[in-house]
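Observations on the model geometry
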Amino acid sequence: MRERRRQRRRLRKGERGHLIDLQKGQVAKVLGLHNDSAAVRRRLFDMGITSGVEIKIKKIAPLGDPIDIELRGYELCIRKKDMETIDIEVIE
Amino acid sequence: MRIALVGNQNSGKTSLFNALTGAHQKVGNWPGVTIERKEGRIKGSKHTLIDLPGIYSLSPYSPEEEVSRQYAVEEKPDIIINIIDVTSLERSLYLTTQLLELDCKVIIALNMSDLLDKKGIKIDSKALEEALHTTVVEVSALKGTGIDKLIKIINENQVLDNVHLPIYATDIEKSIKKIEAELEGSHQRFVAVKLLERDPRYQKSATDLDQQLIKEIEEKYGLDTEEIIANQRYDFITELRKKVCTFGPRKVTITDRLDKVFLNKFAALPIFAAIMFLIYFLAVGVVGSATVGWIEELMEGLSEWVSGALENGGASEWSISLVVDGVIAGVGAILSFVPQLIILFLCICLLETTGYMSRITFFLDRLFRKIGLSGKALIPFIVGTGCSVPGVMAARAIENAEEKKMTVILTPFIPCSAKLPIIALFAGHFFGPNSGIVSASLYFFAVIVIILLAYLLRKFVFKGENSSYISELPEYKLPNFKYLFRDVSEKTLAFIKRAGTIILLCSIVIWVLLSFNWKFEYGVEVADSILASIGNALAWLFYPMIGHWSWEATVSAVQGLVAKEQVVSSMAIIAGLSEDVTEGHLILAEGGAFGYFNSVSAYAFMVFNLFSAPCFGALGAMKRELGGTKAMLKAAFFQTGIAWVLAILVFLVGSLLTGGF
Ligand SMILES: Nc1nc2c(ncn2[C@@H]2O[C@H](COP(=O)(O)OP(=O)(O)O)[C@@H](O)[C@H]2O)c(=O)[nH]1
C-alpha cells in the first residue's frame, strides 16, 4: 500500500506548516497534533510532543524514512507519515 | 516490602537492578530490554525488588508496557523506585508526574549521574526533591555510586510521603477534586485524571458529572482533555526543569559524529551487511577452522584414554561403548563448538550494548515496513541469532498485534547459536576455506526467506493496518567489559550446561536405540537397530533433499526438536557406532554413515535444519506469544513445510548447477 505524500514546502521563519516540512537546521514550535490513530496520538503526547515544545530535525534514515528529531534534550525517531500530523510554526 | 523499579526504556533499569540485587541480568542499549518482570532481593535486606519493562507513561502502548502499568497500579508495591536518565530529564519526569498521582511512595533515582559533568549539565537534586515533595537520590548504576545511599533510604524507610502536589491549572485541579470526591478505593487522584482524560480503561466507571466537567473544560480550551492534560503536565515539567537543571553549551557529540558514518545515506547498509557477515565469518570461518583441528585431536585422545582406562578397570564391552560411543561422542560433538559460540555471543552482546542495534532498527524500518513489519522486528531477529527463546520473547515490545505475531513466527528462521554446530560441521567439512562465506550465505539466505515470507504473510494472512514507529534513539555507549564478560560467560555456560543435561540424556537414549534391536538384543548391526527402523519409516521425507535413503540423517534431523545441536550429536553417535574400525570422530568421513553427503545435499540439509520447527524451548515461547497451542502448532507446521520445500529446491537447483544428476 503506497501512501500519497503532499509536496514538501520550504517554510520560512514565522510560517506555519507540518513537521514534515521542517528542514535540517531549522527549529520549530509545536502547535498541535491531529493523528487519526488515538493510540499513536497519545504516544506522541507521552513522548513529549505537546504544544509549545521546540523541535529540530537531527538525522534522516539512509532510506529517507523514519526521521530522527530532537526535542526536550533527547532524540526520537518517527515516521514521515506521523510527522504530517504535527502542526508547527518555524521559529528559527 | 515489595519495591518496584519503574522507568523509561533504556534508563538503566537493568543495570540498577543488578547493582541493587547483585543479580546478573541482561543489559542492552536499546529501548525495551526488560521483557518480563524479574524479581530479586535487595542486597543486605529482605525487600523484594521487581524490575518492570520500561514505560514512558501509565497509558501503555505495547503489550509489554501493559505489564508495568498493571503492576504499578493494581498490585500496589510498597515503594516505587522511579529511575530517571538525568540526561533526558524532561521526558523522564513525565512518567514521574503520573507515578506521583498513585497512592504509593516514590523514590526518584537520578541515574547516569556520572555523565552530568561530561555533558555540562548541572542539576539541583535538593530543589527537585522539594518541588516534587518526594525523595531524590543521585546514582550511577554503572559506576556504583549512590547505590548504598539508596539502599539505606529503603531500609530505614526514610522516604518522603507522597502528598499529591497540584501540577495542573486551577480549573483542572478543581475538576479533578470534584471527580475524586465521587470515587472510592485507592489511587483516587490517578483515577480522576484518567476519567478526565477519557482513558478507555476507565470508561466503565465514568459518570454524568465527569462528562459534564469534561465538556466544560473542552469548551473553554478548545482542545480535548487528553491533549490539555498532556500539555499541562509537560508545561509543569518544563518550568520545573528550568528551576532545577541547567545545560552547558551544546556540543557536537561523539554520537552525532558516529552517526554520520553509521547512518550515512550510502554507507549504512553496506556497513550493516559487512558487520553481520563479519560476525559469521569470524565465528565459523576464522575461529572455527583454527580450533576444529586440535579439538578433534583432543576428543580422540580423550576417548582413547577413557576406553583404555575402562578396559583396564575391567569394564564390560557395552559400558565402554556407552561412555565412548554414546556420551563422549554425543556430548563432545557439541562441546567442540564452544569457541565459535563464544565469538558469536560476544558479537551480539556488543551490538546490543553499544547502541548500534537501535540504529539498525531505525534505518531498516523503511525496508521492513514495505514487507509489513516494523523496524523493531529486527531486535527479535538479532537476539534470535543467539537463541530463539529470548528472540521470540523480545517480540513483545512490538505494539501492533499482527506485526508481533509475524515476528514471532519468523524469528526462529534466524540461525540461532544451537544451529551453529550444524552449520559449522557441514560448512567446515565441505567448503573448507570458504566455510566462513558459506555460513554467512546461510544467514543472508535466512534474511531473504524472512523478507519473502513476511511479504506473503502480510498479503494473505495478516492483512491489518501497519503500525507506527515511534522510538527513542539512544546515544552510543562504550561497552562495559564487566557486563560483556558476564553476559558471554553466562550464555556459554548455559550452552555447556545443556550439553551436560539434555544432550547427555539424549545421547544415552540414542546409544540405546542404536545398540539394541526390537527384541532388546545388544550388539546388533546399527542397520538393524530400533533407531534405524524408526528412521526408515520416515526417510522418504528426507530423500528428496539429500538424494539418498538415509535413516541416519532422518532421525538426526527429527531430534532437532529437542535441541538443534542434538542433530550434530546424534550424527556423531551414529557415525561412531557404524564405523567398522572405530577411530576418530570425523562424522562426515567418506565411507562412513554419512559419507554420501556432498556439498549440495549438505547445503540442502542445513537449510532444512535451519528453517524447520525450532526446539521445544522456542516452541514453548512461541506458544506463549501466539496465545495458544493451536496457533503454535500451526506456525510450527508452516515453518517445517517451508523448510522442506526450500531444502528440496536447494537440492534440485544445486544438483542441476553442479551437474550432479
Ligand atoms: N554512563 C552510564 N551508563 C549507564 C548507567 N546505567 C546504565 N547505563 C547504560 O545504559 C544502557 C541501558 O542500560 P540498561 O540497564 O540495559 O537499561 P534498561 O533498558 O532500562 O534496562 C546500557 O548501555 C548501560 O550500560 C549509568 O549510571 N551511567
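Up top you'll find the structure we're talking about.
To keep things clear, this report deals only with the structure shown in the data block. On a predicted model such as this, the values are computed, not experimentally measured, just so you know.

Attention shifts here to the interface of chain B and chain A. Contacts between the two partners involve 46 residues from chain B and, on the opposite side, 36 residues from chain A. For the pair chain B and chain A, the summed buried surface comes to about 3,800 Å²; carbon and sulfur atoms form 51% of the total. When the buried surface of chain B facing chain A is broken down by residue, B:Phe362, B:Arg366 and B:Ile470 rank first, second and third, together holding 17% of it. At the boundary of chain B with chain A, the tally comes to 12 salt bridges. Summed over the shared surface of chain B and chain A, the result is 22 residue pairs in polar contact (both at pLDDT 80 or more). Of all the secondary-structure elements, those providing two or more residues to the side of chain B that touches chain A are helix H3 (89–99), helix H10 (225–244), helix H11 (254–262), helix H12 (268–312), helix H15 (356–370) and strand S9 (471–472) of chain B. Of the residues assigned to the side of chain B that touches chain A, the class counts are 15 nonpolar, 13 polar and 18 charged. Summarising the sheet, strand S5 (residues 74–78) of chain A and S9(B) pair through two bridges and their orientation is antiparallel. Directly across from A:Leu76, in S9(B), lies its bridge partner B:Glu472.

Residue and element names in this part refer to chain B. What the rule picks out here adds up to two cavities of 30 Å³ or more. Reported here for the second largest cavity is a volume of approximately 110 Å³. Around the second largest cavity, the lining residues are Thr97, Leu100, Glu101, Ala131, Leu132, His164, Leu165, Pro166, Ile167, Arg189 and Phe236. Looking at the lining of the second largest cavity residue by residue, the classes come out as seven nonpolar, two polar and two charged.

Once that is clear, we can look at unusual backbone geometry. Omega for the peptide link from A:Asp65 to A:Pro66 comes to -5°, which places this bond in the cis form. You can see A:Pro66 is positioned in the loop between strand S3 (54–60) and strand S4 (67–71). Although it is not a glycine, B:Lys76 adopts a positive phi angle of roughly 45°. Phi at B:Phe520 takes a positive value of approximately 55°, unusual for a residue other than glycine. For B:Phe520, the location among the structural elements is in the loop between helix H21 (481–515) and helix H22 (530–546). By relative accessible area, which is 59% here, B:Phe520 ends up exposed.

The rules behind the values
- Residues numbered from 1 in each chain as written.
- Chains lettered and ligands numbered in written order.
- Predicted model: local features only at pLDDT ≥ 70, side-chain atom pairs only at ≥ 80, totals over all residues.
- Heavy atoms only, no water.
- Contact = heavy atoms within 4.5 Å.
- Buried area = accessible area lost by both parts, 1.4 Å probe.
- Salt bridge = Lys/Arg side-chain N within 4 Å of Asp/Glu carboxyl O.
- Polar contact = N/O pair within 3.5 Å; in protein donor to acceptor, adjacent residues only side chain to side chain.
- Helix = DSSP H or I, 4+ residues; strand = E, 2+ residues; numbered from the N terminus.
- Nonpolar A, V, L, I, M, F, W, Y, C, P; charged D, E, K, R; others polar.
- Pairing = 2+ DSSP bridges.
- 1 Å grid on protein atoms, 1.4 Å probe; cavity = no way out; pocket = protein on both sides within 12 Å on 5 of 7 lines; lining within 4 Å.
- Points joined across faces, edges and corners; volume = space filled by probe spheres on them.
- Buried < 20%, exposed > 50% of the residue type's maximum accessible area, 1.4 Å probe, protein only.

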